[in-house]
Amino acid sequence: MSEPKASTPTPGDMYKGWLFKWTNYIKGYQRRWFVLSNGLLSYYRTQAEMGHTCRGTINLATANIAVEDSCNFVISNGGAQTYHLKASSEVERQRWITALELAKAKAVRMQAESDDSGDDCSTSSPPPSGQGGGARNSEVQSTLRTLGSKVEDLSTCNDLIAKHGSALQRSLSELEGVRLGGETGDKIRQVTERATLFRITSNAMINACRDFLALAQAHSKRWQKALQAEREQRVRLEETLEQLAKQHNHLERAFRGATVLPASQASPAGEAKGSASVKGDASDEDDENEFFDAMEDVAEFITVPADPKYHKSGSNISGISSEIGMDDQSLDEQSLASNPESPQSQEVEPVRKRRARIPDKPNYSLNLWSIMKNCIGKELSKIPMPVNFNEPISMLQRLSEDLEYSELLDKGAKCQSALEQLCYVAAFTVSSYSTTVHRTGKPFNPLLGETFELDRLRESGYRSLCEQVSHHPPAAAHHVISERGWTLRQEIAVASKFRGKYLSIMPLGSIHCIFEKSNNHYTWKKVTTTVHNIIVGKLWIDQSGEIDIVNHRTGDRCHLKFAPYSYFSRDVARKVTGVVADKEGKAHFVLSGTWDEKMEFSRVMQSSRGGENGAEGKQKTVYQTLRARELWRKNPLPEGAETMYYFSSLALTLNEPEEGVAPTDSRLRPDQRLMEDGRWEEANVEKQRLEEKQRSVRREREREAARTANSAEEGEQEAIIEDSITDSPLKSTHQDSYKALWFERCEDPATGEATHIYKGGYWEAKEQGSWEACPDIF
């Protein structure tokens with residue numbers, strides 16, 4: 001028996017899917033997305049590339065298809081192009097071979113018909129311009145009616161044939177059982193009459209089929225030509241419409257001009273200090289004001305292509321050659337080509353082979369509402385949650401995932417222009433959210449004093465250290481030092497509220513990035529993360545809010561806006577826009593993209609300001625920009641990521657066991673390790689044990705602090721109280737008198753905020769293997 005129709009693509013269908021394509025002897029087979037359509041086989045690195053970047057195409061009309069073994073096959077067009085492909089199974093390979101053979105046969109047939117019909121239709125004159133459309137439409141309608149009647153005739157004949165065929169079969173069966181006698185003649189006459197009826201009906205059906213086929217053949221070539229003419233006319237109309245839209249845009253701008261920057265971007269340089277914050281934090285505390293879809297969010301500015309005179313020569317524009325090079329050459333490509341430690345070279349000779357898989361996530365069902373219904377309005381960190389809602393990674397490790405695209409800061413360190421450097425810092429800021437798009441699991445809350453180190457000195461040139469410095473509210477200090485000329489530090493506290501329908505997570509605290517060569521010091525804060533469909537439906541993540549990235553040395557500023565998802569918006573989902581401006585408020589770059597895929601930047605050549613009456617009463621700025629170039633693109637997820645908590649390649653290595661780490665390192669946390677191994681029941685028991693141990697240690701520390709205070713003199717008591725307030729916010733945050741081991745609390749020189757800054761000693765202790773100062777938390 002043949003396979004069902006559903007599993008074998010028809011010649012006119014598009015067929016697409018993943019195949020492994022041979023690249024070279026270093027990389028071997030690489031997973032690529034193949035699309036078979038209209039006789040052409042094309043491939044892309046990912047499905048997202050289908051809209052803009054095709055990696056290669058073969059015309060099947062002139063191609064040869066050869067099968068090598070159960071999973072491998074080869075497609076070649078005579079030597080110029082040859083694809084060595086491998087399917088995941090023999091069944092999948094056979095599906096592809098069937099689809100390719102059908103598509104090839106159709107492509108050859110269409111090519112032959114096209115060659116034949118070219119001469120037939122060349123002599124026929126086109127209809128008059130005024131009557132061509134109506135006459136062609138009338139002819140098509142008449143032909144469709146005729147074909148419809150023929151189809152009805154075929155259906156009727158089919159029913160009659162089935163009826164008479166059954167009767168004839170019964171008569172023949174009866175004839176076989178009749179003995180020779182008087183009734184033999186009657187039976188034979190009956191069979192003869194029914195056979196005659198069957199023959200007449202069969203002839204009618206054959207004639208109807210012949211008429212249908214002749215009519216279809218007579219009109220098929222004319223229909224193809226008519227369809228091609230309609231397609232060409234549609235293309236011409238689209239081009240005309242595009243030209244009209246451009247003319248309308250220029251006329252509208254000439255009539256009412258452009259409008260001014262919004263207040264959030266036009267603030268003077270004197271307001272830079274302390275303004276690098278996430279706007280809208282206060283409104284996040286309101287009940288449900290922010291996440292209802294009401295109206296489409298209006299863009300803050302408009303970008304249009306710059307005048308062609310700006311593209312003629314780099315000498316016409318002051319400063320372009322020194323900052324971004326010529327318009328047709330990307331700095332990204334130059335940096336990657338000249339960097340010997342780029343990801344391409346790491347694939348050839350990896351310093352250390354990191355793991356690429358973790359155990360698959362078990363399929364455990366749990367009623368979320370039974371746990372969350374009594375927690376509405378509470379702080380998430382105070383809710384006892386089973387590991388079923390977690391991912392096998394701690395918040396400290398999740399914080400270290402911000403370094404997934406540390407090469408952006410490497411490129412920024414090489415920039416001569418502070419404004420261009422700010423573009424790379426902004427791209428790095430956005431890239432830290434790309435790993436969250438599918439990550440609906442909750443990280444483990446770190447224990448007080450827990451640490452996590454990420455030593456990528458040989459691979460990527462940096463060392464990272466995180467420490468949990470506060471438990472209520474949960475806060476972690478993070479310090480990264482890179483040999484490639486930059487330092488990153490942050491202290492992040494998480495405030496979260498469960499609203500019933502969604503969960504809001506508001507990161508608090510500033511992120512600092514300092515470049516050694518230029519001494520540029522940038523600060524920014526994170527936006528709000530929202531987890532939707534907590535009760536009903538599939539969980540999904542959204543990022544929304546605004547970020548101001550400020551260069552405290554020059555006063556330059558980048559304003560980024562993360563647009564919240566809206567059912568009514570025509571914009572692409574997860575959209576991010578931004579403007580890089582100097583301290584005078586003059587825009588130099590426009591940023592655009594999405595936080596889950598890529599970011600691009602365009603140089604602003606001219607900005608026009610409008611009058612008092614902007615469109616719809618809102619003032620905007622129109623930026624004339626050069627061609628956009630890519631700053632950052634998300635790396636594809638590893639194969640099988642959906643069964644591994646959607647971890648990225650870096651996230652898969654974070655919890656990998658490693659020798660020589662501190663005894664407080666997250667890799668040594670037993671409940672987290674048990675969950676990763678799929679032993680969730682044991683992990684829940686161990687999690688409760690660790691939390692109770694932490695509570696008992698905290699109570700003992702509080703009692704010790706109270707005994708010390710009671711035994712001291714009155715003057716010493718005042719000093720102790722003053723020191724405790726300075727070193728640890730006991731009264732305001734209900735935290736005990738714990739002091740961080742590797743970080744110290746002091747005033748930040750750039751923002752004036754009280755924060756934890758790395759005081760040194762960790763990496764030296766690791767080299768010596770001296771961990772006596774580390775507390776016993778596990």
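All figures in this text were calculated on a predicted structure; none of them were measured in a lab.

Below, the discussion takes up helix H12 (residues 418-431). Side chains of residues three or four places apart in an α-helix project in the same direction, reflecting 3.6 residues per turn. Helix length check: H12 (14 residues) gives 20 Å between terminal C-alpha atoms against 20 Å at 1.5 Å per residue, within 8%. By the criterion of burial, H12 is predominantly enclosed, with 14 of the 14 residues buried. N-capping of H12 is provided by Ser417, with a side-chain oxygen placed 3.3 Å from the backbone N of Leu419.

Time to look at the sheet that holds strand S2 (residues 28-37). Here 7 strands make up an open sheet; going across it, the order is S4-S3-S2-S1-S7-S6-S5 and the pairing antiparallel. Of all the strands in the sheet, just strand S4 (56-59) and strand S5 (64-67) have a single pairing partner and so form its edges. Mean inter-strand twist for the sheet, computed between neighbouring axes without regard to direction, equals 35°. Across 5 bridges, strand S6 (residues 72-76) lies against strand S7 (residues 82-86) in antiparallel orientation. Residue Ile75 lies in a different strand from S7, and its bridge partner there is Tyr83.

Moving on to the packing of helix H11 (residues 407-414) against H12. Closest axis-to-axis distance for the H11/H12 pair is 8 Å, and the angle between their directions is 170°. Relative to H12, the element H11 lies roughly antiparallel. Seen from H11, the contacting residues are Leu408, Leu409, Lys411, Gly412 and Ala413; seen from H12, they are Gln421, Tyr424, Val425, Ala427, Phe428 and Ser431. Grouping the amino acids of the contact of H11 with H12 by side-chain chemistry returns 7 nonpolar, 3 polar and 1 charged.

Positive phi is not limited to glycine here, since Asn519 has a value of about 60°. As for its placement among the helices and strands, Asn519 is situated in the loop between strand S16 (511-515) and strand S17 (521-524). On the basis of relative accessibility, which here comes to 52%, the residue Asn519 falls in the exposed class.

Looking now at the pattern of salt bridges. On inspection of all chains with the given rule, the structure shows 37 salt bridges. Across the pair Arg352 and Glu658 runs a salt bridge whose closest N-O atoms are separated by 3.8 Å. Placement of Arg352 in the loop between helix H8 (343-348) and helix H9 (368-372) and of Glu658 in the loop between helix H14 (649-654) and helix H15 (670-676) is noted, with a sequence separation of 306 residues between them. The exposure class assigned to Arg352 is partly exposed, which follows from its relative accessible area of 32%. For Asp748, the salt bridge identified is with Arg489, shortest N-O distance 2.7 Å.

Moving on, we get to the side chain of Arg673. Here Arg673 is to be found in helix H15. Accessibility expressed as a relative area gives 17% for Arg673, which makes it buried. A distance of 2.9 Å separates the side chain of Arg673 from the backbone oxygen of Arg667, its partner in a polar contact. For Arg673, the residues in contact, after removing those within four places along its chain, are Arg355, Asn655, Glu656, Pro657 and Arg667.

Turning next to the environment of Arg627. Note that Arg627 resides in the loop between strand S24 (621-625) and strand S25 (629-633). Judged by its relative accessible area of 40%, Arg627 is partly exposed. Between the C-alpha atoms of Arg627 and Phe601, which are 26 residues apart in sequence, the distance is 8.6 Å.

Successive side chains on a regular strand alternate, one facing one side of the sheet and the next facing the other. Counted residue by residue, strand S27 (residues 754-758) has 4 buried out of 5 residues, so it is predominantly covered. Summarising the sheet, strand S26 (residues 743-747) and S27 pair through 5 bridges and their orientation is antiparallel. Within S27, the position partnered with Arg745 by the bridge is His756. With antiparallel pairing between neighbouring strands as the criterion, S26 and S27 make up a hairpin whose turn holds 6 residues, including Gly752 at a positive phi of roughly 80°.

Leu488, Trp524, Ile549, Leu560, Phe562 and Leu591 are the most contacted members of the largest nonpolar core, which totals 65 residues. When residues in this core are grouped by element, the largest group, 10 residues, is from H12. Ignoring anything within four residues of it in the chain, the contact list for Leu488 reads Leu403, Phe428, His478, His479, Val480, Ile511, His512, Cys513 and Trp524. In terms of nonpolar packing, the next biggest core, distinct from the first, is built from 20 residues, Tyr15, Leu19, Tyr83 and Leu85 among them.

So, about the environment of Asp548. Locating Asp548 in the fold gives a position in strand S19 (residues 540-551). Owing to a relative accessible area of 2%, Asp548 belongs among the buried residues under this scheme. In sequence terms Asp548 and Val580 are 32 residues apart; their C-alpha atoms lie 9.9 Å from each other. Side-chain polar atoms of Asp548 contact the side chain of His559, separated by 2.8 Å.

Quick look at H11 now. With 6 of 8 residues buried, H11 lies mostly within the body of the structure. Taken residue by residue, H11 has Leu408, Leu409, Asp410, Lys411, Gly412 and Ala413 as its buried positions.

This paragraph deals with the packing of aromatic side chains. Within a pair of aromatic rings, the relevant descriptors are the distance that separates the centres and the angle that separates the planes. Going through the model one piece at a time under the given rule, you end up with 19 aromatic pairs. An angle of 40° between the planes, with centres 5.7 Å apart, marks the rings of Phe589 and Phe601 as tilted. Here Phe589, found in strand S22 (residues 587-594), pairs with Phe601, found in strand S23 (residues 598-609); they are 12 residues apart in sequence, far enough to count as distant. Between the aromatic rings of Trp742 and Tyr762, the centroid separation amounts to 5.3 Å while the plane-to-plane angle is 90°, which identifies the pairing as edge-to-face. Of the two residues, Trp742 is situated in the loop between helix H18 (730-733) and S26 and Tyr762 in helix H19 (residues 762-768); the sequence distance between them amounts to 20 residues. By the burial criterion, Trp742 is buried, and Tyr762 matches it. Of the aromatic side chains, those joined through ring pairs into one cluster are Trp742, Tyr762, Trp763 and Trp771.

Moving on, we come to the pairing of S22. Across the 8 residues that make up S22, a large majority, 7, are buried. Sheet analysis places strand S21 (residues 575-581) next to S22, joined by 7 bridges and oriented antiparallel. Paired with Thr577 across the bridge in S22 is Ser592.

Another point: the confidence of the model for the chain. In this model, the chain carries a mean pLDDT of 77, and residues with pLDDT of at least 70 account for 73%. Below a pLDDT of 50 lies the segment residues 1-12, which in the model reaches 11 contacts outside its immediate sequence neighbourhood of four places, other chains included. Per-residue pLDDT stays below 50 along residues 312-349; that stretch engages in 49 contacts with residues further than four places along the chain or on separate chains.

Let us look at the side chain of Lys598. Relative to the assigned elements, Lys598 resides in strand S23. Setting aside residues no more than four positions away along its own chain, Lys598 makes contact with Ser592, Gly593, Glu630, Trp632 and Arg633.

In this structure the tally under the stated criterion is 2 cavities of 30 Å³ or more. The computed volume of the second largest cavity comes to approximately 80 Å³. Taken together, Asp402, Phe428, Thr429, Ser432, Tyr433, Leu488, Gln490, Ile511, Trp524, Lys525, Lys526 and Ile547 make up the full set of residues lining the second largest cavity. Of all the secondary-structure elements, those providing two or more residues to the lining of the second largest cavity are H12 and strand S14 (486-498). Broken down by class, the residue content of the lining of the second largest cavity amounts to 6 nonpolar, 3 polar and 3 charged.

Conventions and cut-offs
Residues numbered from 1 in each chain as written. Predicted model: local features only at pLDDT ≥ 70, side-chain atom pairs only at ≥ 80, totals over all residues. Heavy atoms only, no water. Helix = DSSP H or I, 4+ residues; strand = E, 2+ residues; numbered from the N terminus. Expected span 1.5 Å × (residues − 1). Buried < 20%, exposed > 50% of the residue type's maximum accessible area, 1.4 Å probe, protein only. Polar contact = N/O pair within 3.5 Å; in protein donor to acceptor, adjacent residues only side chain to side chain. Pairing = 2+ DSSP bridges. Axes fitted to C-alpha atoms, helices over the stretch in contact; angles between N-to-C directions. Parallel < 35°, antiparallel > 145°, perpendicular 65-115°, else oblique. Contact = heavy atoms within 4.5 Å. Nonpolar A, V, L, I, M, F, W, Y, C, P; charged D, E, K, R; others polar. Salt bridge = Lys/Arg side-chain N within 4 Å of Asp/Glu carboxyl O. Core = buried A, V, L, I, M, F, W, Y, C linked by side-chain atoms within 4.5 Å. Phe/Tyr/Trp six-rings, centres within 6.5 Å; stacked < 30°, edge-to-face > 60°. pLDDT = per-residue confidence, 0-100. 1 Å grid on protein atoms, 1.4 Å probe; cavity = no way out; pocket = protein on both sides within 12 Å on 5 of 7 lines; lining within 4 Å. Points joined across faces, edges and corners; volume = space filled by probe spheres on them.

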